[in-house]
2 protein chains.
Amino acid sequence: MKIIGVNIKRLREEQGITLRELAKRLNVSASLLSQIETGKASPSLSTLKNIADNFGTTIGELVGEGQKPVENPVVRKQDRKTIKDMAKGMRLFLLSSPDPNKQMEPLLFQLEPKSSSGDSMYKHFGQEFILVLKGTVEITLNDTKYILKKGDSIYFNSSIPHAFRNIDNGLSEALWVDTPPTF
Amino acid sequence: MKIIGVNIKRLREEQGITLRELAKRLNVSASLLSQIETGKASPSLSTLKNIADNFGTTIGELVGEGQKPVENPVVRKQDRKTIKDMAKGMRLFLLSSPDPNKQMEPLLFQLEPKSSSGDSMYKHFGQEFILVLKGTVEITLNDTKYILKKGDSIYFNSSIPHAFRNIDNGLSEALWVDTPPTF
DNA sequence: CCCTTTGTCAAGTCTTATTTAACAAATACT
DNA sequence: AGTATTTGTTAAATAAGACTTGACAAAGGG
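Residues numbered from 1 in each chain as written. Chains lettered and ligands numbered in written order. Predicted model: local features only at pLDDT ≥ 70, side-chain atom pairs only at ≥ 80, totals over all residues. Heavy atoms only, no water.

Some details on the overall build of chain A
For chain A, the count of helices and strands is 5 helices and 10 strands. Among the 183 residues that make up chain A, the fraction classed as buried is 51%. Within chain A, contacts between residues separated by at least 24 positions form 63% of all contacts whose residues are at least 6 apart in sequence. With the model as given, the accessible surface of chain A reaches about 8700 Å², and the carbon-plus-sulfur share is 50%. (Helix = DSSP H or I, 4+ residues; strand = E, 2+ residues; numbered from the N terminus. Buried < 20%, exposed > 50% of the residue type's maximum accessible area, 1.4 Å probe, protein only. Contact = heavy atoms within 4.5 Å. Areas by Shrake-Rupley, 256 points an atom, 1.4 Å probe, with all protein chains shown as cover.)

Things to note about the sheet that holds strand β7 (residues 144-149) of chain A
Sheet strands pair by backbone hydrogen bonding; their relative direction is either parallel or antiparallel. Residue and element names in this part refer to chain A. Taken in spatial order, the 3 strands make up an open sheet running β7-β6-β9, and their pairing is antiparallel. Since the sheet does not close on itself, it has two edges, and those belong to β7 and β9 (162-166), each with one partner. Each strand axis lies, on average, 20° off the axis of its neighbour in the sheet, ignoring direction. By the bridge criterion, 5 bridges tie strand β6 (residues 136-141) to β9 in an arrangement that is antiparallel. Counterpart to T140 in the pairing with β9 is A163. (Pairing = 2+ DSSP bridges. Axes fitted to C-alpha atoms, helices over the stretch in contact; angles between N-to-C directions.)

Looking at the protein's contact with DNA strand D
Around DNA strand D sit 21 residues in total, of which A:T18, A:R20, A:S31, B:S29 and B:S42 are the nearest. Within the side chain of A:S34, one N or O atom sits 3.1 Å away from a phosphate oxygen of DNA strand D. Counting residues per element, the ones that place at least two in the surface near DNA strand D are α2 (19-26) and α3 (30-37) of chain A together with α3 (30-37) of chain B. Of the residues in the surface near DNA strand D, the class split is 5 nonpolar, 12 polar and 4 charged. (Near = heavy atom within 4 Å. Polar contact = N/O pair within 3.5 Å; in protein donor to acceptor, adjacent residues only side chain to side chain. Nonpolar A, V, L, I, M, F, W, Y, C, P; charged D, E, K, R; others polar.)

Thoughts on the confidence of the model for chain A
Caution applies to low-pLDDT parts of the model: their predicted coordinates are not meant to be read in detail. With 80% of its residues at a pLDDT of at least 70, chain A reaches an overall mean of 80. Averaged pLDDT values for the elements of chain A fall to 62 in strand β1 (residues 74-75) of chain A and rise to 94 in α3(A). (pLDDT = per-residue confidence, 0-100.)

Points about the pattern of salt bridges
Residues and elements named next belong to chain A. If you walk through the whole model with that rule in mind, you get 12 salt bridges over all chains. In this structure, the salt-bridge partner of E21 is R25, at a minimum N-O distance of 3.2 Å. Here E21 and its partner R25 are both found in helix α2, 4 residues apart, which amounts to about one turn of the helix. Look at E21 and you get partly exposed, because its relative accessible area is 29%. By relative accessible area, which is 43% here, R25 ends up partly exposed. Close ionic contact of E138 with R165 constitutes a salt bridge, the shortest N to O distance being 3.1 Å. Taken as a pair, E138 in strand β6 and R165 in strand β9 lie far apart in primary sequence, 27 residues in all. (Salt bridge = Lys/Arg side-chain N within 4 Å of Asp/Glu carboxyl O.)

Some words on the protein's contact with DNA strand C
In the neighbourhood of DNA strand C, 19 residues make up the surrounding shell, with A:S29, A:S42, B:T18, B:R20 and B:S31 lying closest. Each atom of DNA strand C within 4 Å of the protein was assigned to sugar, phosphate or base; sugar and phosphate come to 59%. In the environment of DNA strand C, a phosphate oxygen lies 2.7 Å from a nitrogen or oxygen atom belonging to the side chain of B:T18. Take B:L19: an N or O atom from its main chain is 3.1 Å from a phosphate oxygen of DNA strand C. Grouping the constituent residues of the surface near DNA strand C by class yields 5 nonpolar, 11 polar and 3 charged.

Looking at the nonpolar core
Counting 35 residues, the largest nonpolar core has A:I8, A:I59, B:I8 and B:I59 as the members making the most contacts within it. Counting 20 residues, the second largest nonpolar core, distinct from the first, contains A:L175, B:L95, B:L108 and B:Y155. (Core = buried A, V, L, I, M, F, W, Y, C linked by side-chain atoms within 4.5 Å.)

Notes on the sheet that holds strand β7 (residues 144-149) of chain B
Residues and elements named next belong to chain B. The antiparallel open sheet is built from 3 strands, whose spatial order is β7-β6-β9. This sheet does not close on itself; its edge strands, each paired only once, are β7 and β9 (162-166). Shown here is a sheet whose adjacent strand axes are inclined to one another by a mean of 20°, direction ignored.

Quick notes on the packing of aromatic side chains
All names here are of chain A. As enumerated under the stated definition, the model contains 6 aromatic pairs over all chains in all. Measuring from centroid to centroid gives 5.0 Å for F109 and F164, while their planes differ by 25°, and the two rings are stacked. Remark: F164 occurs in strand β9 and F109 occurs in strand β4 (residues 105-111); sequence separation between them is 55 residues. You'll find F109 and F164 in the same group, each marked buried. Judged by centre distance (5.5 Å) and plane angle (90°), the ring pair of F109 and W176 falls under edge-to-face. Separated by 67 residues along the polypeptide, F109 in strand β4 and W176 in strand β10 (residues 172-179) bring together distant segments of the chain. F109 gets classed as buried once you look at its relative accessible area, which sits at 1%. Residue W176 is classed as buried on the basis of its relative accessible area, which comes to 7%. Among the aromatic residues, those joined into a ring-pair cluster are F109, F164 and W176. (Phe/Tyr/Trp six-rings, centres within 6.5 Å; stacked < 30°, edge-to-face > 60°.)

Written out as structure tokens, the structure reads:
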């Protein structure tokens, strides 16, 4: 995990602070920090957490999750890939090219009148964000139902059982971003 | 970091696999895995990486970054908070309530004709996703310029120097999600 | 009932994270 | 110039704790 050291060093130098100074803040020896930055030692989780906190970042960032370059950044409207086998009357469009390094998964979904995500509720790791672009969507979190009209948005943890349903007479459309990617 | 063990145990049980079986796959003793799951020991980074890989997830998820419940999930169109002090002619609306546990930051930005993000380019940790909802936006990654029309989207690493500019005669509007949150 | 399988615990081993102390190279001060 | 002070790095020693072994009780399964 050499990337850890590189990231730490970069953050440190961005703040223009010295290795010894950072070591003091973290309550570790300058030597250890040097070894970590040069990849000669691997920090314990607790010191890694300290480092992340100190820089206001996360362990995930430090270990380089989702750091690698993403190719083919742009997806044109007409080139969107579709995902089919979901619930009936529901269309899903990928708004980004598949890439294992992506942290987020942006999707556009279209719901025919009366269509829904099905009877069982979803529940998984990560978080989700939904912005309604057209129509009206009912979103259920646990037992609570939220009615979202065009322009309304919602943000929740995917570990909360969730489901959604089009309650508009016409087509409903929403942008959906979740993390981590599932497709 | 007791949360690590809880997450691992949950993932393991979701797969319906036994503690000993998982231990074998990871090349560690069942005892160690038990101690980790019950929070009596903290895994080294290398074994934690193995665990994350095994479940097709990330270290970040395992350490519980962005797992805690999010309150007040819904943001109504009329209740959106605005961020001002950005570049001139540029308006930013928060599409989610501030929450330190959020992994993503969904924003709506409106660009007056000829407005841009400024002369210097942005460069920071994380990733970004942009979907153009109205008008035409020019996005620069390193030296490459991309013209995005309504419905086009782009996904890139924030560590790539980036900037954007409205090249439409009218107002341009785009949805912008980045990770981790900066506001 | 016996036999296997489940997860956990105590005690020991051993890797390795971390410290101490010294080093050369660079910067600052006089 | 020279003399400190500060920079990051390294070797060796230490201490912490990750990890193993082996045994245990509880819970099925035959």
